[in-house]
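Understanding the architecture of this molecule
For reference, the chains in residue letters:
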Amino acid sequence: MNGGLPRLRVERARLRVVELPLVSPFTTSFGTQTVRRALLVELEGDGVAGVGECVAGIDPAYSSETCAGALSTLRDHILPSVLGAPPADVAGHARSWEWVRGHHMAKAATEMALLDQAGHATGQSVSQILGGVRSRIGCGVSIGIQPSLAATLTAIEGYLAAGYQRIKLKCKPGYDVELAQAVRQRFPGTPLMLDANSAYSLQDVDQLRALDEFDLTMIEQPLAHDDLIDHATLQAQIETSICLDESVESLADLCAAIALGSGRILNIKAGRVGGLLPAAQLHDTCGEAGWPVWCGGMLETGIGRAANLALASLPGFTLPGDTSASDRYFEQDLLEQPFELAADGTLPVPTGPGLGIQVEQRRLDEATVHLEELSPK
């Protein structure tokens, strides 16, 4: 992290829930989503404001955390620890909620808002604060399970024409080998990965081994969301690199995964690991271990997308992530200037203070379904 951060107060906070319809249903092995409900944390103090986005979903499918649960945890536990507290830097404020067990996504949203506030106070971008080195980020796209193989191929064709550098396809038992074969035949040179979202077990090893012939960049989280041991067993039996996602929620998890050989690649999501600063620590550790990393997505609005781009500007993010353009998911994002994919398949890293974005207030108000104000007790 570059330099020290200012010690700031948090004098007021808002918790805002917004809902944005997706441009098309997004289907994974555990369900279909048609609306993105996002929880925003807005902080003010010492004349500067910051905003963060909580990536918890409506249902406890990907994670045990939910939007409603995060709202309660932020209101009753995390934000009271910083509201009205003596001035502190971001790390100092974060220490005040260390006693809260879990709830990484709620913590990450608060940390994001604090980093945005600190960036506005100093004129630094979040990328600068984290030590980012890139000005543009190579983008992949995540495609949910489609109604047919033909629909999948049509979707891939469209995204490649738009410039996306890598294709990620959701898969599940019975929708995997035939899928990979069809895509490879149609798009032989395209970087391709499959994301299983924990849909398999070791009993499926033959099926997973059959994917080796399709030159996949990786298969993401094939086994249980909280497993490292079976992933190590599987990695020893297949050639395709396993990318861990849900299994790594902390630096300790990552160190165990590296020691066990549970995979070879890590998808880093700041919300999953408790914030951008912990995510940067995982990035550093992966670099020391020789693990490539990439930045995953959680259907973020432009607010969370800006934070993902800042994270992906760190040097170890050598693989295209899920940092898709705003129009991949939303007809109307919350930003005055939504993120647009360049012809070379990249997005710009925001360079303005903090997250480097401007939220369109009218759009934000239209999308708001819940709002509450908090102040020191």
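Going by the structure above, here's the rest.
In this text the structure is predicted, and so the values were computed from the model without any measurement. (Residues numbered from 1 in each chain as written. Predicted model: local features only at pLDDT ≥ 70, side-chain atom pairs only at ≥ 80, totals over all residues. Heavy atoms only, no water.)

Quick word on the overall build of the chain
- Of regular secondary structure, the chain possesses 13 helices and 13 strands.
- Rg of the C-alpha trace for the chain: 20 Å, near the compact-globule value of 21 Å for 377 residues, within the 12% margin.
- Projected onto its principal axes, the C-alpha coordinates of the chain cover approximately 60 × 40 × 35 Å.
- When each of the 377 residues of the chain is scored for burial, the buried share is 56%.
- Nonlocal contacts in the chain, meaning residues at least 24 apart in sequence, comprise 73% of its contacts between residues at least 6 apart.
- Element-wise, carbon and sulfur atoms account for 49% of the exposed surface of the chain, whose accessible area totals about 14,700 Å². (Helix = DSSP H or I, 4+ residues; strand = E, 2+ residues; numbered from the N terminus. Rg over C-alpha atoms; globule rule 2.2 N^0.38 Å. Buried < 20%, exposed > 50% of the residue type's maximum accessible area, 1.4 Å probe, protein only. Contact = heavy atoms within 4.5 Å. Areas by Shrake-Rupley, 256 points an atom, 1.4 Å probe, with all protein chains shown as cover.)

Details of the sheet that holds strand E5 (residues 140-143)
- Strands sit in the order E5-E6-E7-E8-E9-E10-E11 across an open sheet of seven strands; the sheet is parallel. Strands at the two margins of the open sheet, each flanked by one partner only, are E5 and strand E11 (293-295). Put simply, the sheet's adjacent strands are angled 25° from each other on average, direction ignored.
- Bridge count between strand E8 (residues 218-220) and strand E9 (residues 242-244): two bridges; the pairing is parallel. What sits directly across from Ile219, in E9, is Ile242.
- Against the sheet, helix H6 (residues 177-186) makes contact with strand E6 (166-170) and strand E7 (192-195), and its axis sits at roughly 160° relative to E7, the strand it touches most. (Pairing = 2+ DSSP bridges. Axes fitted to C-alpha atoms, helices over the stretch in contact; angles between N-to-C directions.)

Section: unusual backbone geometry
- The phi torsion at His103 lies on the positive side, around 55°, for a residue other than glycine.
- Structurally, the position occupied by His103 is in the loop between helix H2 (90-95) and helix H3 (104-122).
- For His103, a relative accessible area of 33% corresponds to the partly exposed category.

Quick word on helix H11 (residues 276-289)
- Between its first and last C-alpha, H11 extends 20 Å over 14 residues, near the 20 Å set by a 1.5 Å rise per residue.
- Listing the buried residues of H11 in full gives Leu276, Leu277, Ala279, Ala280, Leu282, His283, Thr285 and Cys286. (Expected span 1.5 Å × (residues − 1).)

Remarks on the environment of Ala106
- Its location among the elements puts Ala106 in helix H3.
- Spatially, the C-alpha atoms of Ala106 and Thr190 are 36 Å apart, while their sequence positions differ by 84 residues.

Brief notes about the packing of helix H5 (residues 149-162) against H6
- The geometry of H5 relative to H6 is characterised by a closest axis approach of 10 Å and an angle of 45° between their N-to-C directions. Classified by the interaxial angle, the pair formed by H5 and H6 is oblique. Viewed along their axes, H5 and H6 form a crossing whose handedness is right-handed. Contacts from Leu149, Thr152, Leu153, Ile156 and Glu157 in H5 reach Glu178, Leu179, Ala182, Val183 and Arg186 in H6.
- Its residues assigned to classes, the contact of H5 with H6 shows six nonpolar, one polar and three charged. (Parallel < 35°, antiparallel > 145°, perpendicular 65-115°, else oblique. Left-handed = near helix turned anticlockwise from the far one by under 90°. Nonpolar A, V, L, I, M, F, W, Y, C, P; charged D, E, K, R; others polar.)

As for the sheet that holds strand E2 (residues 31-45)
- Strand order in the open sheet formed by four strands is E3-E2-E1-E13, and the pairing between neighbours is antiparallel. Here the strands that pair on one side only, and so sit at the sheet edges, are strand E3 (48-54) and strand E13 (368-374). The mean inter-strand angle of the sheet, taken between neighbouring strand axes irrespective of direction, is 20°.
- Sheet analysis places E2 next to E3, joined by seven bridges and oriented antiparallel. From the neighbouring strand, Glu44 faces E3, where its bridge partner is Ala49.
- Of the strands in this sheet, E2 and E3 are in contact with H3, which crosses E3 at around 150°.

What to know about the pattern of salt bridges
- This model, assessed by the stated rule, comprises 21 salt bridges.
- For Arg75, the salt bridge identified is with Asp76, shortest N-O distance 3.9 Å. (Salt bridge = Lys/Arg side-chain N within 4 Å of Asp/Glu carboxyl O.)

Overview of the pairing of E2
- Bridge analysis of strand E1 (residues 12-28) against E2 gives 13 bridges, and the strand direction is antiparallel. Its bridge partner being in E2, Thr28 is matched across the sheet by Gly31.
- Connecting the antiparallel pair E2 and E3 is a turn made up of two residues, with Asp46 showing a positive phi of about 55°.

Observations concerning the side chain of Thr27
- As for its position among the elements, Thr27 is in strand E1.
- A distance of 2.8 Å separates the side chain of Thr27 from the side chain of Thr32, its partner in a polar contact.
- In this structure Thr27 touches Thr32, Gly144, Ile145 and Lys170, once residues within four positions along its chain are discounted. (Polar contact = N/O pair within 3.5 Å; in protein donor to acceptor, adjacent residues only side chain to side chain.)

Things to note about the environment of Thr233
- On the secondary structure map, Thr233 appears in helix H8 (residues 229-235).
- Under the relative-accessibility criterion, Thr233 is labelled partly exposed at 33%.

Side note on the packing of aromatic side chains
- For the structure shown, the criterion picks out three aromatic pairs.
- Measuring from centroid to centroid gives 6.1 Å for Phe26 and Tyr329, while their planes differ by 80°, and the two rings are edge-to-face. Of this pair, Phe26 sits in strand E1 while Tyr329 sits in the loop between helix H12 (302-312) and strand E12 (346-348), and the two are 303 residues apart along the sequence. Like Tyr329, Phe26 is buried.
- Judged by centre distance (5.8 Å) and plane angle (75°), the ring pair of Tyr159 and Tyr164 falls under edge-to-face.
- The exposure class of Tyr164 is buried, given its relative accessible area of 6%.
- A network of ring pairs unites the aromatic residues Phe26, Tyr329 and Phe330 as a single cluster.
- Lying across the ring of Trp294, Arg166 places its NZ or CZ 5.1 Å from the centre. (Phe/Tyr/Trp six-rings, centres within 6.5 Å; stacked < 30°, edge-to-face > 60°. Lys NZ or Arg CZ within 6 Å of the ring centre and 35° of its normal.)

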